[in-house]
Amino acid sequence: MQEAATPSLVLDFAVIAENYRQFEEHFPSGLVYYAVKANSNPDILRLVVNRGGGLEIASLPELDKALEAGADGEHIICSNPIKSPMFLQRMQAADVFAVVVDSTHEVEKVAQHMPGAGVYVRLAVDNSGAVMPLDGKFGVDADLALELCDMARELGLNPIGLSFHVGSQCLSVANFVKAIAACGDAWKAAVARGHHFYFLDIGGGFPAGHYHDHTIPTIGAIGAAVERALVEHIPTTPDLMMVMEPGRGLSGEAGRLVASVTGLARRGENDWAYLDVGVFNGLMETFEGFPPVIYVLGHDVASRPVKAYTIAGPSCDSNDVVARNYLLPELRINDRLAFIDVGAYTNEYAVPFNGFPIPEVIALNTECIEAEADESELEVA
Ligand SMILES: Cc1ncc(COP(=O)(O)O)c(C=O)c1O
């Protein structure tokens, strides 16, 4: 059998379906609104929509993708705190359920271009447990959140609740709980000011990798803690709507990026291995501090001596290095490597800099895109 060309991103839809099922099982109070930015592959969006889930969008092109996947406005939210007037107008035309705000300017802009819209306020929460913190750029404290709600109401908007993001690849279950406790306090204060809150959006941050690394919190562990925290901190309301926006938590583990070794060199004390994929054409997250997990494929690799490599991408840019001092069986030209748990933020970030192509998607278990497939018979790799 001829081997597939590299680089390729092997996307296993059975893994995405299984992760979706786990969110449903472990968050009985919650609804998945998949963060389209993580991987906007149309079949992933259809898988979510086919199961009754929603989509979280950040831009006009993502709105178009969500609508093309069959989502109706009720099942779309926008948690990007900064939105263009045209995007707001198009979201209004599509009856998008609600949008986030975290500044007075944005409240004014939403009131002007999406009059009467449902809005929720993003609280700033502790991101210290995350591999990629997102705080600083977005979010407000509780006092400003309440002022924004009052202002939104005065301008004819409908403030419905709160959101937060604990940071991407959040390894601290406690930070989800702390954030919900902070929302509980702001929620009670909002109710005291006459707002009817029923919407809590606990954002993304669900880490990928727990199938291979048992120190990473599972969906089940986070679900149990979140469900307890909801009962403890969020005032009871019969119409409570809790949503989650997993990005990598849904699609990360489904992706394996297969690359080839195209060059080897000894430079000073270092052994370099050059691949046909790097920071620009697929592995941007390694540049942002995500340590890659790499396997060498092939039957004889166990018998080779282990060496420390600097692993670089194919472009002429000296920043195009995906790992340093990475221990691997001694490499040969044309060896194939697999980067695991990279179903999110790989192709979505990639550009064909220097002419090096972005990975071609190879889809596995596509029958899982439809909700009817019997997932119990499919093995998760
Ligand atoms: C508003 C919002 N929601 C959800 C996500 C998805 O995050 P993650 O992939 O960590 O689940 C992000 C990621 O940046 C985001 O900014």
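## Some remarks on the overall build of the protein
The secondary structure content of the protein amounts to ten helices and 18 strands. Here the C-alpha atoms of the protein give a radius of gyration of 22 Å, agreeing with the 21 Å that 2.2 N^0.38 yields for 381 residues. Its C-alpha atoms give the protein principal-axis dimensions of roughly 70 × 45 × 35 Å. Within the protein, buried positions represent 49% of all 381 residues. Across the protein, every contact between residues at least 6 apart in sequence was considered, and the portion connecting residues at least 24 apart equals 72%.

## Quick notes on the nonpolar core
Leu-55, Val-99, Val-110, Val-119, Leu-123, Leu-162 and Cys-183 are the most contacted members of the largest nonpolar core, which has 115 residues in total. Counting residues per element, this core draws most heavily on helix H7 (residues 173-192), which supplies nine residues. Two domains each donate at least three residues to this core, and these are domain 1 (13-252) and domain 2 (254-366). If we ignore the near neighbours within four places in the chain, the residues touching Cys-183 are Leu-123, Leu-162, Phe-164, Leu-200 and Ile-234.

## Describing the pairing of strand E3 (residues 54-57)
Burial along E3 is two-sided: Gly-54 and Glu-56 facing one way and Leu-55 and Ile-57 facing the other are all buried. Judged from the three bridges that link them, strand E2 (residues 30-35) and E3 form a sheet pairing that is parallel. If you follow Tyr-34 over to E3, its bridge partner there is Leu-55. Taking the sense of rotation as the criterion, the β-α-β connection linking E2, helix H2 (residues 42-50) and E3 turns out right-handed. Bridge count between E3 and strand E4 (residues 76-78): three bridges; the pairing is parallel. In the strand pairing of E4, Glu-56 is matched with Ile-77. Crossover handedness for the path E3 to helix H3 (residues 60-68) to E4: right-handed.

## A short note on the domain arrangement of the protein
Per the domain assignment, the segments of the protein are domain 1 (13-252) and domain 2 (254-366). Once you take the C-alpha centre of each, domain 1 and domain 2 turn out to be 33 Å apart. At the junction of the two partners, domain 1 supplies 19 residues and domain 2 supplies 18 residues. Among the secondary structure elements, those contributing two or more residues to the side of domain 1 that touches domain 2 are helix H1 (13-26), strand E7 (130-132) and helix H9 (248-251). Among the elements that line the side of domain 1 that touches domain 2, the one with the most residues is H1, at four residues.

Quick notes on the rules
Residues numbered from 1 in each chain as written. Predicted model: local features only at pLDDT ≥ 70, side-chain atom pairs only at ≥ 80, totals over all residues. Helix = DSSP H or I, 4+ residues; strand = E, 2+ residues; numbered from the N terminus. Rg over C-alpha atoms; globule rule 2.2 N^0.38 Å. Buried ≥ 20, exposed ≤ 12 C-beta atoms within 10 Å, placed from the backbone. Contact = placed C-beta atoms within 7 Å. Core = buried A, V, L, I, M, F, W, Y, C linked by C-beta atoms within 7 Å. Domains from an automatic or database assignment. Pairing = 2+ DSSP bridges. Right-handed = clockwise from strand over helix to strand, strands pointing away.

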